[in-house]
Amino acid sequence: MTLKSRLISSAIGLSMAIAMPALANAEGLIAILTPSHDNPFFKAEAVGAEKRAQELGYETVVMVHDDDPNKQSELYNTAVARGAKAIILDNAGADATVAAVQSAKDAGVPSFLIDREIKESGIAVSQIVSNNYQGAQLGAEEFVRLMGEKGQYAELLGREADTNAGIRSSGYHDIIDQYPDLEMVAQQTANWSQTEAYERMETILQAHPDISGVISGNDTMAMGAWAALEAAGRTDVIVVGFDGSNDVRDSIKAGGIKATVLQPAYRQAQLAVEQADEYLKNGSTGLDEKQLMDCVLINAENADKLETFALAE
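Reading the values: rules and limits
- Residues numbered from 1 in each chain as written.
- Predicted model: local features only at pLDDT ≥ 70, side-chain atom pairs only at ≥ 80, totals over all residues.
- Heavy atoms only, no water.
- Phe/Tyr/Trp six-rings, centres within 6.5 Å; stacked < 30°, edge-to-face > 60°.
- Helix = DSSP H or I, 4+ residues; strand = E, 2+ residues; numbered from the N terminus.
- Buried < 20%, exposed > 50% of the residue type's maximum accessible area, 1.4 Å probe, protein only.
- Pairing = 2+ DSSP bridges.
- Right-handed = clockwise from strand over helix to strand, strands pointing away.
- Polar contact = N/O pair within 3.5 Å; in protein donor to acceptor, adjacent residues only side chain to side chain.
- Contact = heavy atoms within 4.5 Å.

Visitor: What is the right way to look at the packing of aromatic side chains in this model?
Guide: The geometry of an aromatic ring pair comes down to the distance between the two centres and the angle between the two planes. Taken as a whole, this structure holds four aromatic pairs when the rule is applied. When the centroid spacing of 5.2 Å and the interplanar angle of 90° are considered together, the rings of F41 and F309 count as edge-to-face. Within this pair, whereas F41 is found in helix α1 (residues 40-55), its partner F309 is found in the segment after β14 (296-298), the two being separated by 268 residues in sequence. For F41, a relative accessible area of 2% corresponds to the buried category. Here F309 falls in the buried class, since its relative accessible area comes to 3%. Between F112 and Y279 the ring centres are 5.9 Å apart and the planes differ by 70°, which places this aromatic pair in the edge-to-face class. Of the two residues, F112 sits in strand β6 (residues 111-114) while Y279 sits in helix α9 (residues 265-282), which places them 167 residues apart along the sequence. Given a relative accessible area of 0%, F112 falls into the buried group. When its relative accessible area of 28% is taken as the criterion, Y279 is described as partly exposed.

Okay, structure coming up:
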């Protein structure tokens, strides 16, 4: 019988998109949970994981938790109830996710985390994350160079509940704070949101009209900041992001945002599926739970090679 994508609603009223390959003898169901696909980074994760799972013979269900821990828990329960063999997860909070992962483990369903760590070890089989500190240092070094080692700047932070936000900020400051002529005049959270970043940037510009740089915790906020700067006629301001999105790639090529840091979202998600497959078949991945993937600086010199969070050879 041919299986195909369809839309179902869970008993709790949550909607989810299900994509299933046309396979007579599927290996089982793999559930893929991420934040909203409005952010292309998370969409790339879901696409990469789903494609690799189907290549390996699994059925797939893709669900979105919108960074809501309660919704994430409900979706976890749904995945377990549907008989998922494994769950691939980009989580909704380092602390808030622990109970859901533990509950699935207790039910015999292993979790394989990507992008964001949780604050407990030993309950997820894998936690595959970008080396956010290393990547932030790359971005900071480029920011310092572009700023000429001087000037006023602002920092846009991600969600406080997301461990990556703090790690990236620390990586930035361990480099930038070595330069006394670089003065941070504003540091505000925009919660990874383009809309919030636009609003924060407008406020920052009003309070600090002489600002000459913005370093952002992700590309989505960098795009929001750049839109506000363009609207104010301040395209002279240096903006550096983090993620390696196609949107920022295009902005770099057009002479807008100056740089970003690529974290390999697509490949990271595929690795999680491959490790899930290995675990399900052999009882072990043969690897440490926590695994780091190095990031790559993207600027005008190599932006042409960037496509969907991957760098062409």
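Next comes the rest of the description.
Visitor: How should I be thinking about the pairing of strand β8 (residues 151-157) in this particular structure?
Guide: Strand residues, when the strand is regular, have side chains that alternate between the two faces of the sheet. Relative to strand β9 (residues 182-189), β8 runs parallel, the two being bridged by seven bridges. If you follow G151 over to β9, its bridge partner there is L182. For the segment spanning β8, helix α5 (residues 163-176) and β9, crossover handedness is right-handed. Bridge analysis of β8 against strand β10 (residues 213-216) gives four bridges, and the strand direction is parallel. Bridge pairing in β10 links L156 to S216.

Visitor: Sorry, what's going on with the environment of S169 here?
Guide: Within the fold, S169 resides in helix α5. Assessed through its relative accessible area of 11%, S169 is described here as buried. Between the C-alpha atom of S169 and that of I123, which follows or precedes it by 46 residues, the distance is 27 Å. A polar atom in the side chain of S169 sits 2.8 Å from the side chain of E155.

Visitor: Even after reading the chapter, I still don't get the side chain of R116, so can you show me in this structure?
Guide: Along the chain, R116 turns up in the loop between β6 and β7 (126-130). Polar contacts involving the side chain of R116 include one to the side chain of D90, which spans 3.5 Å. At a separation of 2.9 Å, a polar atom in the side chain of R116 contacts the side chain of D162. Among all residues touching R116, those that are not within four sequence positions of it are P35, F42, D67, D90, N91, A92, V129, R159, D162, N164 and W192.

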